[in-house]
Amino acid sequence: MTVVITAPAPAGARPAGPPSPRVTWGGILTILVTTLVLTPVSVAVGGRMTLLAVAALVLVTVSYVHPPAAAYVVLVATPLTAGFSRSAFIPLLRPHEALAMVAGTGVALRALAQLWTEHRLPLRFGRLDAVIVAMAGTSSLLPLLWMVARGIPPNRDDLLYAGTIWKFYALFLLVRASVRTERQVRRCLYLSIAAAAVMTVVAILQSMQIAGVPALVTAVYPIEGGGVATPGRGSSTLGSPIAVGDVVAVSLAICLALLLCGQGRRTPLLVLAGLFTIGGIATGQFSGVIAIGIAVFVVAVVARRVKRLLIACVPVALAGLVVLRPVVQARLAAVDSSTGLPHSWWVRLENLRLYVWPEVFSGQNWLFGVRPLPVLRVDAPWASQIYIESGHTWLLWTGGVPFFLAYLIFTGVAARTVAVAARSRRDSVGAAATAALASLSVVFVLMTFDPHLTMRGGADLLFSLLALATAVPRQRRDAQGEAAHTPDGRLPCSSTIAFGADHVRSP
C-alpha cells in the first residue's frame with residue numbers, strides 16, 4: 001500500500017522542527033562570572049593575550065546565544081588556518097583547534113544551562129558515536145598502556161598524537177549538537193565550500209608560480225615536514241598538497257550533491273565544481289586526482305547518474321590539464337623511468353621497507369602497536385626523520401590490530417548510516433550525507449598512501465559532514481499533517497514523500 005502525502009499544514013501552525021532554543025538567565029550569569037574571573041587574569045598576562053581573551057569571550061558568548069555560529073566559525077576557519085604552525089599563537093594548538101575549543105565552550109555552557117529544560121541541546125549516543133570512540137580508545141589508551149607494559153615511557157608527543165581521534169570526535173559532537181535545522185545544515189555546506197574555494201584559488205596561483213604567491217604562502221603557512229615550495233605543488237593554506245587534494249575533492253562532492261538535490265543556484269555551484277576539479281590537478285599530487293575521481297564516482301552512484309556526471313567532468317578535467325600544463329609536466333617528469341614510480345613514492349616504499357615495517361613486525365608490536373608518535377629518527381641519505389606514509393601501516397603502528405579493526409568497523413557503520421540519508425533525502429541533509437559518503441570513500445582508498453583519516457583539513461571536513469548528515473532527523477507526517485521526528489531518521493514503510501516536484505518512494 002502506498003500513501004501519497006499531500007496534506008498541507010494546518011492554517012496558522014508553526015513549521016515542524018525542533019523548538020527554538022531560549023537563552024536562560026543561568027547561562028548569562030555563567031558567562032558574566034567567567035568574564036569577571038578572566039578579566040584580571042588577561043590584564044596580568046599582557047597585551048596580545050588580553051586581545052585573545054577578549055576575542056575568546058566574544059566567541060563563547062556568540063556560541064552560547066546562537067549555537068549554530070560555532071559550527072559556522074569552525075567550518076570557515078579550518079581550511080584557512082589549519083596550515084599555521086602548532087603553538088604559533090596558543091601553546092600546543094593550531095588556530096582552528098583553538099577556535100573549535102572556544103566555540104565548543106559556548107555550546108557546552110548552553111547545554112549545561114539547559115540540561116533540565118525542554119529546550120536542551122540534542123546530546124545522544126548512537127552507533128556512530130560508539131565506533132568513533134572505539135577508534136579513539138584503540139589509538140590512545142591501548143597503545144599507551146602497551147608502551148608502559150614494555151617499559152617505554154610515553155613522551156609529550158606520544159600524548160599529543162594519542163588525542164588525535166578524540167579531537168575529531170569532539171568536533172563531531174560540536175557540529176552535531178549546534179546544528180538543529182535543515183536550513184542550518186545548508187548554510188554550513190555553503191560556508192564550507194566558500195572557504196574551500198579561497199583555499200583552492202591560492203593553491204592554483206601557488207602551483208603556477210603567479211604574482212609571488214608561493215613565497216607569501218610558504219612564509220605564512222609552513223609546508224609540512226619542513227619542505228620548500230616547488231613549482232606544480234599547491235600546499236595553499238593547509239601547508240600540505242595532499243591535504244588540499246582531500247579538501248577539494250570532498251568540496252567538489254558537496255557541490256555536486258547540492259546540485260543534484262536542488263539545494264542551490266545552478267551556475268555558482270557549477271563554477272565552484274569546475275574550480276575544485278582544477279584545484280585537484282593544481283595540488284600536483286596523484287592522490288589529489290584519484291580523490292577527485294572517487295568523489296565524482298560516489299556521487300554519481302548515489303544519484304544514479306553515473307554516465308551523465310562522468311561525461312560532464314571530462315571537459316572540465318581537460319580544460320584543467322590545458323591550463324595547468326606546466327604542473328602536469330613537472331609531475332610526469334618526476335616519474336623514475338627505472339621503477340615506473342614517482343620519486344616520492346619510491347622514497348616512501350624504501351622508508352617502509354627499511355625502517356617502519358621491521359619495527360612494526362618486531363615481536364608483538366603488530367598486535368597492540370608501537371607508539372602513537374608516527375615519526376622515526378633514522379640515518380637515511382634523504383632524511384634524518386621520516387613519517388609513516390602508509391595509512392594501513394600507520395593503523396598497525398599506532399594501535400595494532402584493534403585499531404586496524406576499529407577503523408574498518410567505523411568505515412562500514414558510517415558508510416551505512418549516511419548512505420540511508422543520501423538515498424532517501426533530497427534536502428541539504430541528504431547532500432551532506434552524500435558528501436560524507438564520498439569523503440569516507442576517498443579516505444578508505446587513499447589510506448593506502450597516507451593516514452588520510454587524520455589528514456588536516458580533510459579529516460575535519462569528514463567528521464563535520466558526518467555530524468551534519470546525522471544532526472537533523474527526518475520528519476514524517478501522519479494523516480492529519482502533524483509532523484514528528486522519527487527516532488532513526490528513516491522513512492516510514494510503504495510511503496511516498498514529496499519534495500517539491502520530485503517524489504522519492506521508500507520500500
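Cut-offs used in this document
Residues numbered from 1 in each chain as written. Predicted model: local features only at pLDDT ≥ 70, side-chain atom pairs only at ≥ 80, totals over all residues. Heavy atoms only, no water. Helix = DSSP H or I, 4+ residues; strand = E, 2+ residues; numbered from the N terminus. Buried < 20%, exposed > 50% of the residue type's maximum accessible area, 1.4 Å probe, protein only. Contact = heavy atoms within 4.5 Å. Areas by Shrake-Rupley, 256 points an atom, 1.4 Å probe, with all protein chains shown as cover. pLDDT = per-residue confidence, 0-100. Salt bridge = Lys/Arg side-chain N within 4 Å of Asp/Glu carboxyl O. Expected span 1.5 Å × (residues − 1). Core = buried A, V, L, I, M, F, W, Y, C linked by side-chain atoms within 4.5 Å. Axes fitted to C-alpha atoms, helices over the stretch in contact; angles between N-to-C directions. Parallel < 35°, antiparallel > 145°, perpendicular 65-115°, else oblique. Left-handed = near helix turned anticlockwise from the far one by under 90°. Patch = residues over 30% accessible without salt bridge, like charges linked within 9 Å, V, L, I, M, F, W, Y side chains within 5 Å. Pairing = 2+ DSSP bridges. Phe/Tyr/Trp six-rings, centres within 6.5 Å; stacked < 30°, edge-to-face > 60°. Nonpolar A, V, L, I, M, F, W, Y, C, P; charged D, E, K, R; others polar.

Student: Explain the overall build of the protein here, please?
Tutor: Within the protein one finds 20 helices and seven strands. Evaluated residue by residue, the protein yields a buried proportion of 47% over its 507 residues. Long-range pairs, those at least 24 residues apart, make up 73% of the contacts in the protein between residues at least 6 apart in sequence. Of the roughly 23,600 Å² of accessible surface on the protein, 68% is carried by carbon and sulfur atoms.

Student: Looking at this structure, how should I read the confidence of the model for the protein?
Tutor: One rule of thumb: low pLDDT means the predicted coordinates there are not for detailed reading. The predicted model of the protein averages 80 in pLDDT, with 75% of residues at 70 or higher. Under a pLDDT of 50 for its full length, residues 1-23 has, in the predicted model, 36 contacts with residues more than four places off or in other chains. Segment residues 476-507 is flagged for pLDDT under 50; beyond a separation of four residues in sequence, or across chains, it makes 63 contacts in the model.

Student: What should I look at first to understand the side chain of Arg94 in this one?
Tutor: Along the chain, Arg94 turns up in the loop between α3 (68-81) and α4 (95-113). The residues touching Arg94, leaving out its near neighbours within four places in the chain, are Ala82, Phe84, Ser85, Arg86 and Arg456.

Student: Whenever I open this one, the pattern of salt bridges confuses me. Can you help?
Tutor: Any two side chains of opposite charge can pair, so long as their charged atoms come close to each other. On inspection of all chains with the given rule, the structure shows nine salt bridges. Its salt-bridge partner being Glu182, residue Arg186 comes within 3.0 Å of it at the nearest N-O pair. Of this pair, Arg186 and Glu182 are both found in helix α9 (residues 182-207), four residues apart, which corresponds to roughly one turn of the helix. Looking at Arg186, the relative accessible area reads 23%, which means it is partly exposed. Among the salt bridges present, the one from Arg348 reaches Asp450, with a minimum N-O distance of 2.9 Å. Of this pair, Arg348 sits in helix α16 (residues 343-360) while Asp450 sits in the loop between α19 (428-446) and α20 (458-471), and the two are 102 residues apart along the sequence. Residues participating in the shared-partner salt-bridge network are Arg86, Glu97 and Lys167.

Student: Would you explain helix α12 (residues 266-282) in this entry?
Tutor: Side chains three or four residues apart in an α-helix point the same way, a direct result of the helix having 3.6 residues per turn. With 17 residues, α12 ought to run about 24 Å at 1.5 Å a step, and its terminal C-alpha atoms sit 24 Å apart, in line with that. Every buried residue belonging to α12 is among Leu269, Ala273, Gly274, Leu275, Phe276, Thr277, Gly279, Gly280, Ile281 and Ala282, and all of these are buried. Phi for Gly284, located one or two positions after α12, is positive at around 70°.

Student: Just to check I follow, could you spell out the nonpolar core for this structure?
Tutor: The tendency in soluble globular proteins is for nonpolar side chains to be buried as a group. If you look at the biggest cluster of nonpolar residues, it comprises 115 residues, and the most contacted ones within it are Phe410, Leu453, Phe463 and Leu466. Top contributing element to this core by residue count: helix α11 (residues 241-260), with 16 residues. With sequence-adjacent residues up to four places away left out, Leu453 is seen in contact with Met135, Ile165, Phe168, Trp394, Tyr407, Phe410, Val443, Met447, Ala459 and Phe463.

Student: I keep staring at the packing of helix α5 (residues 127-138) against helix α18 (residues 391-424) and nothing clicks. Help me out?
Tutor: In helix packing, the relevant descriptors are the interaxial angle and the interaxial distance, both defined with respect to the helix axes. Look at α5 against α18: their axes get within 8 Å of each other, and the N-to-C directions meet at 160°. Between α5 and α18, the interaxial angle falls into the category roughly antiparallel. As for the relative orientation of α5 and α18, their crossing is left-handed in sense. On α18, the residues touching Arg127, Leu128, Val131, Ile132, Ala134, Met135 and Thr138 of α5 are Gly399, Pro402, Phe403, Ala406, Tyr407, Ile409, Phe410, Val413 and Ala414.

Student: So what exactly am I meant to see when it comes to α4 here?
Tutor: Here α4 is 19 residues long and its end C-alpha atoms lie 27 Å apart, about the 27 Å a rise of 1.5 Å per residue gives. Listed in full, the buried residues belonging to α4 are Pro95, His96, Glu97, Ala98, Ala100, Val102, Ala103, Gly106, Val107, Leu109, Arg110 and Ala111.

Student: In this structure, what is going on with a nonpolar patch on the surface? I would like to understand it.
Tutor: A grouping of Ile290, Leu405, Leu408, Ile409, Phe444 and Val445 is seen on the molecular surface, where their side chains present a nonpolar patch of about 480 Å² in accessible area. Only α18 and α19 provide two or more residues apiece to the nonpolar patch. No other element matches the three residues that α18 contributes to the nonpolar patch. By secondary structure assignment, the location of Ile409 is in helix α18. Overall, the relative accessible area of 49% leaves Ile409 in the partly exposed class.

Student: Would you mind showing me how to read the pairing of strand β3 (residues 383-387) here?
Tutor: Side-chain positions along a regular strand alternate between the two faces of the sheet. By the bridge criterion, four bridges tie strand β2 (residues 375-380) to β3 in an arrangement that is antiparallel. Note that in β3 the partner of Ala380 across the bridge is Ala383. Here β2 folds back onto β3, and the loop between the two strands holds two residues.

Student: Which parts of the structure should I look at to understand the packing of aromatic side chains?
Tutor: By convention here, two paired aromatic rings are described through the distance between centres and the angle between planes. What the rule picks out here adds up to seven aromatic pairs. Judged by centre distance (6.5 Å) and plane angle (20°), the ring pair of Tyr407 and Phe444 falls under stacked. You can see Tyr407 sitting in helix α18 and its partner Phe444 sitting in helix α19, a full 37 residues away along the chain. An aromatic cluster is defined as three or more aromatic residues linked by ring pairs; in this entry it consists of Phe168, Phe410 and Phe463.

Student: What is the right way to read the packing of α4 against helix α8 (residues 164-178) from this model?
Tutor: For the pair α4 and α8, the least separation of the axes is 10 Å and the interaxial angle reads 45°. Classified by the interaxial angle, the pair formed by α4 and α8 is oblique. Relative to α8, α4 is oriented so that their crossing is left-handed. Across the interface between the two elements, Glu97, Ala100, Ala103, Gly104 and Val107 of α4 pack against Lys167, Leu174, Ala177 and Ser178 of α8. Residue composition of the contact of α4 with α8, grouped by class: five nonpolar, two polar and two charged.

Student: Got a minute to help me understand the environment of Arg127 in this structure?
Tutor: Within the secondary structure layout, Arg127 lies in helix α5. The spacing of Arg127 and Val413 is 286 residues in sequence and 7.5 Å in space, taken between C-alpha atoms.

Student: What am I meant to see in the side chain of Thr78 here?
Tutor: For Thr78, the location among the structural elements is in helix α3. For Thr78, a relative accessible area of 7% translates into the label buried.

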